[in-house]
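# Commentary on secondary and tertiary structure
The chain contents come next:
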Amino acid sequence: MNVIQERYKEDKWMGVVEVKDLDLYYGSTQALKKINLSIEKNAVTALIGPSGCGKSTFLRTLNRMNDLIEGVRIDGQLLFEGKDLYKDFDEIELRKRIGMVFQRPNPFPMSIYDNIAYGPRIHGLNDKNKLDEIVEKSLKGAALWDEVKDRLKKNALGLSGGQQQRLCIARTLAVEPEILLMDEPTSALDPISTSKVEELMDTLKEKYTVIIVTHNMQQAGRISDYTAFFLSGEVVEFSKTEDIFYKPKDKRTEDYITGRFG
């Protein structure tokens, strides 16, 4: 049992997001089993494990994307800043505060500027000067401003794959979230673009809490502060990344990290 699990035993809450005994069912099939995690503020937490182990399913519980799937049932406790994530928040407001970046870049078929301004406009902001500020700030936050500042009116679909993914990150930042969820954000990118996104994550955690699903264990080792190892819908081990990779307490974790399965 690691330090975090010991604190759960004592019923002491710690992080910006607290998950306690979370079960999730698709109809009669249980996809997540007794998940206990504490997500630290201003840190990068990586979720690793083989395909189909529940990583992405868990990630989607954090901004209630699973609400959109028929037959989903959730038991347990999930708190965001001490409040029940499923009872005390409006879904739209929650998804503003907990933003998500998906596996494949999905820019809207409109200008770079309008992609970034879309979220603030949806939330009622139409002041051009303020929108200009948000667009510049968000693109700078995603390390993309210098590459696109002279073509903001150009269609975003003309950007490279790596630029499109950073645009999607900027679009998420535009509504000023507190948490960034990233579901394998570099899996569709080339090595150079992947490196840029990884560098960006190190900067992002100064202002945001980042939770990333990744199949790439080397990536998890490079970018994350904490790592949770998922297997068959359960969290086998959760601790500081260096402990997971160099001092795992569970043999299943060691076997996965060393490539014996998965």
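For the structure itself, look to the data block above.
From a predicted model like this one, the values you see are computed outputs, not experimental measurements. (Residues numbered from 1 in each chain as written. Predicted model: local features only at pLDDT ≥ 70, side-chain atom pairs only at ≥ 80, totals over all residues. Heavy atoms only, no water.)

### A few points about the layout of surface pockets
The method is simple in principle: a probe with the dimensions of a water molecule rolls over the atoms, and the space it marks as empty is what remains. Inclusion rule: In this analysis, the protein atoms alone were mapped onto a 1 Å grid. Cavities are point sets where a 1.4 Å probe fits without being able to get out; pockets are open sets with protein on both sides within 12 Å along at least five of seven lines; lining residues have an atom within 4 Å of a point. Grid points are joined across faces, edges and corners, and a volume is the space filled by probe spheres set on the points. Helix numbers and strand numbers start at the N terminus; a helix is a DSSP run of H or I with at least 4 residues, a strand a run of E with at least 2.
Within this model, the largest pocket holds a volume of roughly 580 Å³. Contributing to the lining of the largest pocket are 20 residues, with Arg95, Phe108, Tyr118, Arg171 and Val175 lying nearest its centre. By volume, the second largest pocket amounts to about 280 Å³. When residues of the lining of the second largest pocket are traced back to their parent elements, those giving at least two are helix H5 (128-141) and helix H8 (191-204). A total of five residues in the lining of the second largest pocket trace back to one element, the largest contributor, which is H5.

### Digging into the side chain of Thr61
For clarity, the threshold we go by: Any residue under 20% of the maximum accessible area for its type is buried, any over 50% is exposed, and the rest in between are partly exposed; the area is computed with a 1.4 Å probe on protein chains only. Residue contacts follow a heavy-atom distance rule, with two residues in contact if any of their heavy atoms lie within 4.5 Å.
For Thr61, the location among the structural elements is in helix H2 (residues 55-61). Exposure remark for Thr61: the relative accessible area of 0% places this residue in the buried category. Residues within four places of Thr61 in sequence aside, it is in contact with Leu22, Leu24, Leu32, Asn66, Ile74, Leu78, Leu85 and Tyr86.

### A few points about the pattern of salt bridges
So the rule is basically this: For salt bridges, the criterion is a side-chain nitrogen of Lys or Arg within 4 Å of an Asp or Glu carboxyl oxygen.
For the structure shown, the criterion picks out 21 salt bridges. Salt-bridge contacts for Arg95 lead to Glu91; the nearest nitrogen and oxygen are separated by 3.6 Å. Linking Arg95 with Glu91, this pair stays in helix H3 (residues 91-97), spanning four residues, or about one helical turn. Using a relative accessible area of 30% as the deciding quantity, one classes Glu91 as partly exposed.

### What about the sheet that holds strand E7 (residues 179-183)?
Threshold: Any two strands between which DSSP finds at least two bridges are classified as paired. An axis is simply a line fitted to the C-alpha atoms; with a helix, the fit covers only the stretch in contact. Between two such axes, the angle follows the N-to-C directions and lies from 0 to 180 degrees.
Pairing in this open sheet of six strands is mixed, and the strands run E6-E7-E8-E3-E9-E10 from one edge to the other. One side of each edge strand has no neighbouring strand; the edge strands of this open sheet are strand E6 (98-101) and strand E10 (234-240). Taking the axes of each pair of neighbouring strands and ignoring which way they run, one obtains an average angle of 15° across the sheet. Contacting E6 and E7, helix H7 (residues 161-173) runs over the sheet at an angle of about 170° to E6.

### Points about unusual backbone geometry
Despite not being glycine, Ala143 shows a phi value in the positive range, around 55°. Note on placement: Ala143 falls in the loop between H5 and helix H6 (145-148). For Ala143, a relative accessible area of 43% corresponds to the partly exposed category. Within the chain, Ser232 stands out as a residue other than glycine whose phi angle is a positive 50°. Structurally, Ser232 is set in the loop between strand E9 (226-231) and E10.

### With respect to the environment of Glu184
Mapping Glu184 onto the fold places it in the loop between E7 and H8. Separated by 65 residues in the primary sequence, Glu184 and Lys249 have C-alpha atoms spaced 26 Å apart. In this view, Glu184 contacts Gln103, Val213, Thr214 and His215; residues no more than four positions away in its chain are not counted.

### Observations regarding H8
Condition: To estimate the expected span of a helix, subtract one from its residue number and multiply by 1.5 Å. Our arc is simply the arc of the directions from the helix axis toward the C-beta atoms.
Relative to the 20 Å expected for 14 residues at 1.5 Å per residue, H8 spans 20 Å between its end C-alpha atoms, a close match to the ideal helical length. Residues of H8 that are buried: Ser193, Thr194, Val197, Glu198, Leu200, Met201 and Leu204. Down the axis of H8, the sector holding all buried residues measures 160°, keeping them to one side. Opposite its buried face, H8 presents the exposed residues Pro191, Ile192 and Glu199, each directed more than 90 degrees away. Where the residues of H8 are buried, they touch strand E3 (44-48), H5, H7, E7, strand E8 (209-213) and helix H9 (217-223).

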